[in-house]
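Examination of the molecular architecture
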Amino acid sequence: MAHLRATSSGEELTMNTFSSRTAKATKTIVGIFATLLISPVAASAQLKVLMSGGFSGAYQQLLPEFERTTGIKVTTGSGSSQGTGPQTIGAQLARGVPADVVILSSEGLNELIAANRIAAGTDVGLARTPLGVAVRARNPKPDVSTVEAFKEVLLKTKTVAIPGSTGGIWLTTHLFPQLGIAEKIDVKVTPRGTDATGMVAAGDADLAVMPVSEILHVAGVDFAGPIPPEIQFVQVFSAAVVACSNEIEGSKRLIEFLASARASEAIRNSGMEPLAISR
């Protein structure tokens, strides 16, 4: 009987040890499953971006890598940085178009900040690009290397296309009056940069003056050169998180990626100078 009691006690001890180990293992498994359940939520985060055309060339090259390395899916809409009409980024946000991140000219971003549509402290400069001249593909490229040459080209041109956003606003309110040609040239203001290059490609305008990054790699047009440095207007394109975004962390990750040195090559290839190098 004593032997049996000892055996029973040993079995009880063994069972207690087994139960303890089982409980620990169960907790571990539960923890693993909890992690697996949480991870897909983070990985399946979805961002909505509203972007102007100036940064689109670099963005299109960079976005697949961002989505692949983070698991974050991004939906992208477009709009002009500034101007009038329903398709400006500001107008879209004002009427409730959902967005987590905006990418646009610094001038346009400043307007959104003033309207309290941007999460404080989230704005980051990405790249800058000068204004240049686009002509129809395979047409002779005019000399625009000096102020006088550029002015002469404009005066001889039947129709000049410009986008009605930041660069176009500066051209019509500042440069053309400064050169004394505002009333002497036929300027067609288009809603977007793609409309301006489209006019040139179709032969509806002789040339377009617009950000270089919106000219390079566009079918149907050739880059004739930047406008002279003495009268140049360099646009800075920036990104920021929209104030009403529910994806703050994912939005910051996207902006950090676009502003990193890792993005520099794609930015240069699109006709822009990355700001990551100068920070």
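Our subject is the structure that appears above.
1. Details of the overall build of the protein chain
Broken down by element type, the protein chain carries nine helices and eleven strands. Evaluated residue by residue, the protein chain yields a buried proportion of 44% over its 279 residues. Within the protein chain, contacts between residues separated by at least 24 positions form 77% of all contacts whose residues are at least 6 apart in sequence. Accessible surface computed for the protein chain: about 14400 Å², of which carbon and sulfur atoms make up 56%.

2. A closer look at unusual backbone geometry
Positive phi values are uncommon outside glycine, yet Asn116 reaches one of about 60°. Mapped onto the secondary structure, Asn116 falls in the loop between helix H4 (106-114) and strand S4 (124-129). Non-glycine residue Arg138 carries a positive phi angle of around 70°.

3. Topic: the nonpolar core
The biggest cluster of nonpolar side chains holds 29 residues, and the ones touching the most others in it are Val49, Phe55, Tyr59, Phe66, Ile103 and Leu258. Of all the elements in the fold, those that place two or more residues in this core are strand S1 (46-51), helix H2 (56-70), strand S3 (101-105), S4, strand S10 (235-241), helix H8 (248-258) and helix H9 (264-269). Counting residues per element, this core draws most heavily on H2, which supplies five residues. The next biggest cluster of nonpolar side chains, apart from the first, holds 22 residues, and it includes Val133, Trp170, Leu179 and Ala224.

4. Points about H4
For H4, the full list of buried residues reads Ser106, Gly108, Leu109 and Leu112. End-on view of H4: buried residues confined to an arc of 155°, all on one side of the axis. Where H4 is buried, its residues meet helix H3 (89-94), S3 and S10. Two residues or fewer after H4 comes Asn116, characterised by a positive phi angle close to 60°.

5. Let's talk about the packing of helix H5 (residues 147-156) against helix H6 (residues 166-179)
Two numbers describe how H5 lies on H6: the axes approach to 11 Å, and their chain directions differ by 100°. For the element pair H5 / H6, the angle class is roughly perpendicular. In contact with Val147, Phe150, Lys151 and Leu154 of H5, H6 contributes Leu175, Phe176 and Leu179.

6. Topic: the pattern of salt bridges
Summed over all chains, the structure comprises three salt bridges. With a shortest N-O distance of 2.4 Å, Glu65 and Arg262 are connected by a salt bridge. Of this pair, Glu65 sits in helix H2 while Arg262 sits in the loop between H8 and H9, and the two are 197 residues apart along the sequence. The partner of Glu273 in a salt bridge is Arg128, with the nearest N and O atoms 2.9 Å apart. Here Arg128 lies in strand S4 and Glu273 lies in strand S11 (residues 273-274), a separation of 145 residues in the sequence. Residue class for Arg128 comes out partly exposed when judged on its relative accessible area of 29%.

7. Topic: the pairing of strand S5 (residues 131-136)
Among the six residues in S5, five count as buried, and that is most of the element. Both S5 and strand S8 (residues 207-211) contribute to a ladder of five bridges, which runs antiparallel. Across the sheet, the residue bridging to Val135 is Leu207, located in S8. The pairing of S5 with strand S9 (residues 221-226) spans five bridges and is antiparallel. Bridge pairing links Ala134 to Phe223 in S9.

8. Overview of the packing of aromatic side chains
Taken as a whole and judged by the stated rule, the model has two aromatic pairs. Taking the centre distance of 5.7 Å and the plane angle of 45° together, the rings of Phe66 and Phe257 count as tilted. In this pair, Phe66 is assigned in helix H2 and Phe257 in helix H8, connecting sequence segments 191 residues apart. Judged on exposure class, the residue Phe66 and its partner Phe257 are both buried.

Calculation notes
- Residues numbered from 1 in each chain as written.
- Predicted model: local features only at pLDDT ≥ 70, side-chain atom pairs only at ≥ 80, totals over all residues.
- Heavy atoms only, no water.
- Helix = DSSP H or I, 4+ residues; strand = E, 2+ residues; numbered from the N terminus.
- Buried < 20%, exposed > 50% of the residue type's maximum accessible area, 1.4 Å probe, protein only.
- Contact = heavy atoms within 4.5 Å.
- Areas by Shrake-Rupley, 256 points an atom, 1.4 Å probe, with all protein chains shown as cover.
- Core = buried A, V, L, I, M, F, W, Y, C linked by side-chain atoms within 4.5 Å.
- Arc of directions from axis to C-beta.
- Axes fitted to C-alpha atoms, helices over the stretch in contact; angles between N-to-C directions.
- Parallel < 35°, antiparallel > 145°, perpendicular 65-115°, else oblique.
- Salt bridge = Lys/Arg side-chain N within 4 Å of Asp/Glu carboxyl O.
- Pairing = 2+ DSSP bridges.
- Phe/Tyr/Trp six-rings, centres within 6.5 Å; stacked < 30°, edge-to-face > 60°.

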